[in-house]
Amino acid sequence: MNILFLGAPGCGKGTQSKILIEKYGIAQISTGDLLREEMSSQSDLGEKIRSIMAKGDFVDDKLVLSLVSKKIESNECKKGFILDGFPRNLSQAKSLDTLLENMSKSIDHVLFIDVPDEVLIQRCTGRLLCDTCDYIGNKDRGENIGDPCPVAEGTLYQREDDKEETVRNRLEVFKDQTQPIIEFYEEKGKLNKLIGGNDPKLLASKINKIINI
Ligand code: AMP
């Protein structure tokens with residue numbers, strides 16, 4: 001099963017992906033994570049990515065496409081995959097179509113999670129990550145930068161691009177670049193629109209109904 005999540009930063013794509021990974025044993029392909037991995041290698045390319053990400057702008061289409069293509073071809077994706085954060089513009093969406101066609105694969109479900117801007121800003125600016133595991137905390141729950149992770153032995157930190165000014169730019173870039181993809185999949189009759197921003201479990205059960213039809 002191959003799934004594509006669409007939605008603005010903070011809409012819950014990552015959280016819902018993790019639920020599906022556990023349930024179906026499929027792999028998550030998060031281009032944000034792949035780019036952060038490249039950044040942590042401190043290569044020249046990684047430093048270039050860091051400065052683009054810090055502004056909330058998009059990294060070069062060709063680079064992102066090559067990361068995705070390598071991952072889809074890997075053993076990890078044999079049972080299927082979830083695309084999270086890719087495609088992010090029309091050109092990437094068209095390249096994905098060609099890539100999958102050449103691999104005789106296709107996307108089974110496109111899931112767009114729609115969340116109001118104010119909720120997205122609050123979620124992103126409050127979001128705290130663990131430097132050791134995939135725990136996601138939030139300042140709303142009384143957690144702070146530097147706190148010990150409640151799950152692993154890590155420490156909570158804030159992503160550089162979750163600062164308010166950058167989050168606002170990321171939302172603008174989403175509206176400008178990513179919104180047209182929603183119409184692209186709608187025209188193909190593949191789009192499922194879900195209202196997010198509330199209980200993640202409720203959203204997970206709605207997603208479950210769609211993918212089990
Ligand atoms: P994310 O973790 O999905 O919120 O992505 C964080 C940042 O990585 C984005 O703000 C972009 O700078 C970059 N990025 C992630 N995915 C893509 C993509 N498909 N195309 C271009 N840039 C991307």
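Here, the structure is the one placed above.
### Examining the packing of aromatic side chains
One pass over the structure, following the stated rule, counts one aromatic pair. Taking the centre distance of 5.1 Å and the plane angle of 80 degrees together, the rings of Phe 184 and Tyr 185 count as edge-to-face.

### Re the site of the ligand
Inspection of the region around the ligand gives 16 residues, with Thr 31, Arg 36, Asp 57, Gly 85 and Gln 92 positioned closest. At 2.8 Å from a nitrogen atom of the ligand is found a side-chain nitrogen or oxygen belonging to Thr 31. When isolated, the ligand has an accessible area of 480 Å², and the protein chains bury 96% of it. For the shell around the ligand, the residue count by class is six nonpolar, four polar and six charged.

### Focus: the pairing of strand β2 (residues 27-30)
Neither face of β2 is open: one carries Ala 27 and Ile 29, the other Gln 28 and Ser 30, and all of them are buried. As paired elements, β2 and strand β3 (residues 81-84) share four bridges and run parallel to each other. Within β3, the position partnered with Ile 29 by the bridge is Leu 83.

### Thoughts on the state of the cysteines
Summed over the entire model, instances satisfying the criterion amount to zero disulfides. No disulfide involves Cys 11; its sulfur sits 8.9 Å from that of Cys 124, the nearest cysteine. Here Cys 149 is not disulfide-linked; the sulfur of Cys 130 is the nearest cysteine sulfur, at 3.6 Å. The buried category is assigned to Cys 149, whose relative accessible area is 7%.

### Considering unusual backbone geometry
Note that the residue after Phe 86, namely Pro 87, is joined by a cis bond; omega there is 0 degrees. Mapped onto the elements, Pro 87 comes out in the loop between β3 and α5 (90-102). Here Gln 42, not a glycine, exhibits a phi torsion of approximately 55 degrees, which is positive. Looking at the secondary structure, you find Gln 42 in the loop between α2 (31-40) and α3 (44-55). For Gln 42, a relative accessible area of 62% corresponds to the exposed category.

### Focus on the side chain of Asn 138
For Asn 138, the location among the structural elements is in strand β6 (residues 136-138). For Asn 138, the side chain forms a polar contact with the main-chain nitrogen of Asp 140, separated by 3.0 Å. Residues contacting Asn 138, with those up to four places away along its chain left out, are Arg 123, Gly 126, Arg 127, Leu 128 and Glu 143.

### Comments concerning the pattern of salt bridges
Scanning all chains against the criterion turns up 12 salt bridges. The salt bridge partner of Asp 161 is Arg 159, with a shortest N-O separation of 2.9 Å. With respect to class, Asp 161 is no different from Arg 159; both count as buried. The partner of Asp 162 in a salt bridge is Arg 170, with the nearest N and O atoms 2.9 Å apart. Under the relative-accessibility criterion, Asp 162 is labelled buried at 0%. The class of Arg 170 is buried, set by a relative accessible area of 9%. Residues participating in the shared-partner salt-bridge network are Arg 127, Arg 159, Asp 161, Asp 162 and Arg 170.

Thresholds applied
- Residues numbered from 1 in each chain as written.
- Predicted model: local features only at pLDDT ≥ 70, side-chain atom pairs only at ≥ 80, totals over all residues.
- Heavy atoms only, no water.
- Phe/Tyr/Trp six-rings, centres within 6.5 Å; stacked < 30°, edge-to-face > 60°.
- Near = heavy atom within 4 Å.
- Polar contact = N/O pair within 3.5 Å; in protein donor to acceptor, adjacent residues only side chain to side chain.
- Areas by Shrake-Rupley, 256 points an atom, 1.4 Å probe, with all protein chains shown as cover.
- Nonpolar A, V, L, I, M, F, W, Y, C, P; charged D, E, K, R; others polar.
- Buried < 20%, exposed > 50% of the residue type's maximum accessible area, 1.4 Å probe, protein only.
- Helix = DSSP H or I, 4+ residues; strand = E, 2+ residues; numbered from the N terminus.
- Pairing = 2+ DSSP bridges.
- Disulfide = S-S within 2.5 Å.
- Contact = heavy atoms within 4.5 Å.
- Salt bridge = Lys/Arg side-chain N within 4 Å of Asp/Glu carboxyl O.

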